[in-house]
Amino acid sequence: MRRHDVKLFLDTANIQHIREAAEMGVVDGVTTNPTLISREDGEFEDIVREICEIVGGPVSAEVVSTDADGMVQEAEKLAKIHDCVVVKIPMIKEGVKALHILKEKGIPTNCTLVFSANQALLAAKAGATFVSPFIGRLDDAGHVGMDLVREVLAIYENYGFETEVIVASVRHPLHVVEAGVSGAHITTMSYAVFEKM
Ligand code: G3P
């Protein structure tokens with residue numbers, strides 16, 4: 001694990017917020033989803049391209065298909081928008097198939113909606129570049145979300161998986177602290193949480 005290189009991502013599609021944070025030199029990437037992009041003015045592809053140009057690092061753009069073939073077709077289109085695009089794939093059976101196909105095609109992926117260590121293990125084995133455990137939503141349901149992050153990191157370390165862990169569904173600055181203490185590679189957060197930091 002690269003412990004010297006903590007990365008912070010913004011979980012937003014708001015160009016102004018991304019620009020402001022990027023000017024501070026502390027933003028390594030961005031995660032988006034269809035809901036976040038729908039809140040902004042402009043065409044989907046133009047928004048994704050502009051975010052890529054601002055951050056110059058991994059920018060997750062999500063598919064909406066629920067079958068592997070559809071996800072792969074969308075992924076191929078998304079990957080053409082910019083070299084920084086990472087295709088966000090949901091953790092469902094068809095998603096795992098798509099992760100495997102996209103690994104073969106050399107298209108980077110972020111497996112999202114991960115709620116268990118076994119899901120993270122499957123994502124890594126299928127070849128995901130990134131995996132996103134949803135910490136806040138686990139906390140909401142009465143679990144300790146950060147326990148999942150620690151389990152996933154231990155499993156990846158044991159077996160030498162190169163998949164990087166993005167701590168996602170972050171609700172407050174303490175989640176960012178806990179992610180740092182756990183040694184997770186990346187934390188993605190809303191601009192509101194970033195400002196509170
Ligand atoms: O990073 C994942 C995020 O977009 C979803 O978070 O707050 O809806 O659980 P939330």
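The preceding data block contains the structure.
All values derive from a computational prediction rather than experimental measurement.

The rules behind these values
Residues numbered from 1 in each chain as written. Predicted model: local features only at pLDDT ≥ 70, side-chain atom pairs only at ≥ 80, totals over all residues. Heavy atoms only, no water. Pairing = 2+ DSSP bridges. Helix = DSSP H or I, 4+ residues; strand = E, 2+ residues; numbered from the N terminus. Axes fitted to C-alpha atoms, helices over the stretch in contact; angles between N-to-C directions. Contact = heavy atoms within 4.5 Å. Near = heavy atom within 4 Å. Areas by Shrake-Rupley, 256 points an atom, 1.4 Å probe, with all protein chains shown as cover. Nonpolar A, V, L, I, M, F, W, Y, C, P; charged D, E, K, R; others polar. Patch = residues over 30% accessible without salt bridge, like charges linked within 9 Å, V, L, I, M, F, W, Y side chains within 5 Å. Salt bridge = Lys/Arg side-chain N within 4 Å of Asp/Glu carboxyl O. Buried < 20%, exposed > 50% of the residue type's maximum accessible area, 1.4 Å probe, protein only. Right-handed = clockwise from strand over helix to strand, strands pointing away. Phe/Tyr/Trp six-rings, centres within 6.5 Å; stacked < 30°, edge-to-face > 60°.

## So, the sheet that holds strand E1 (residues 7-11)
With parallel pairing, 8 strands are arranged side by side around a closed barrel as E1-E2-E3-E4-E5-E6-E7-E8. The sheet shows a mean angle of 30° between the axes of neighbouring strands, direction not considered. In this structure, strand E5 (residues 109-114) lies alongside strand E6 (residues 130-133), joined through 3 bridges in parallel fashion. Considered in E6, the bridge of Val 114 is made with Pro 133. On top of the sheet, helix H5 (residues 93-105) reaches strand E4 (85-90) and E5; it is set at about 150° to E4, its chief contact.

## Thoughts on the site of the ligand
Within the structure, the ligand sits among Asp 11, Asn 33, Phe 134, Arg 137, Ala 168, Ser 169, Arg 171 and Thr 188. Burial of the ligand by the surrounding chains reaches 78%, relative to a free accessible area of 310 Å². Among the residues forming the shell around the ligand, the class breakdown is 2 nonpolar, 3 polar and 3 charged.

## Overview of a nonpolar patch on the surface
Together, Leu 174, Val 177 and Val 181 give the surface a local cluster of nonpolar side chains, amounting to about 310 Å² of exposed area. As for its position among the elements, Val 177 is in helix H9 (residues 173-182).

## Quick notes on the pairing of strand E8 (residues 186-189)
Of the two faces of E8, both are covered, the one formed by Ile 186 and Thr 188 as well as the one formed by Thr 187 and Met 189. As defined by bridge partners, E1 adjoins E8 across 4 bridges and the pair is classed as parallel. Bridge pairing links Phe 9 to Thr 188 in E8. Pairing of strand E7 (residues 164-167) with E8 involves 2 bridges; the strand directions are parallel. From the neighbouring strand, Ile 166 faces E8, where its bridge partner is Ile 186. Traced from E7 through H9 to E8, the parallel crossover comes out right-handed.

## A few points about the packing of aromatic side chains
Under the criterion given, the structure shown has 4 aromatic pairs. On the numbers, 5.6 Å between centres and 65° between planes, the contact of Tyr 156 with Phe 161 is edge-to-face. Judged by relative accessible area, which is 23%, Phe 161 ranks as partly exposed. Here the aromatic rings of Tyr 191 and Phe 194 are separated by 5.9 Å at their centres, their planes lie at 35°, and the arrangement is tilted. One end of the pair, Tyr 191, and the other, Phe 194, are both in helix H10 (residues 191-196), 3 residues apart, so they sit about a helical turn from each other. Residue classification places Tyr 191 among the buried positions, given a relative accessible area of 10%.

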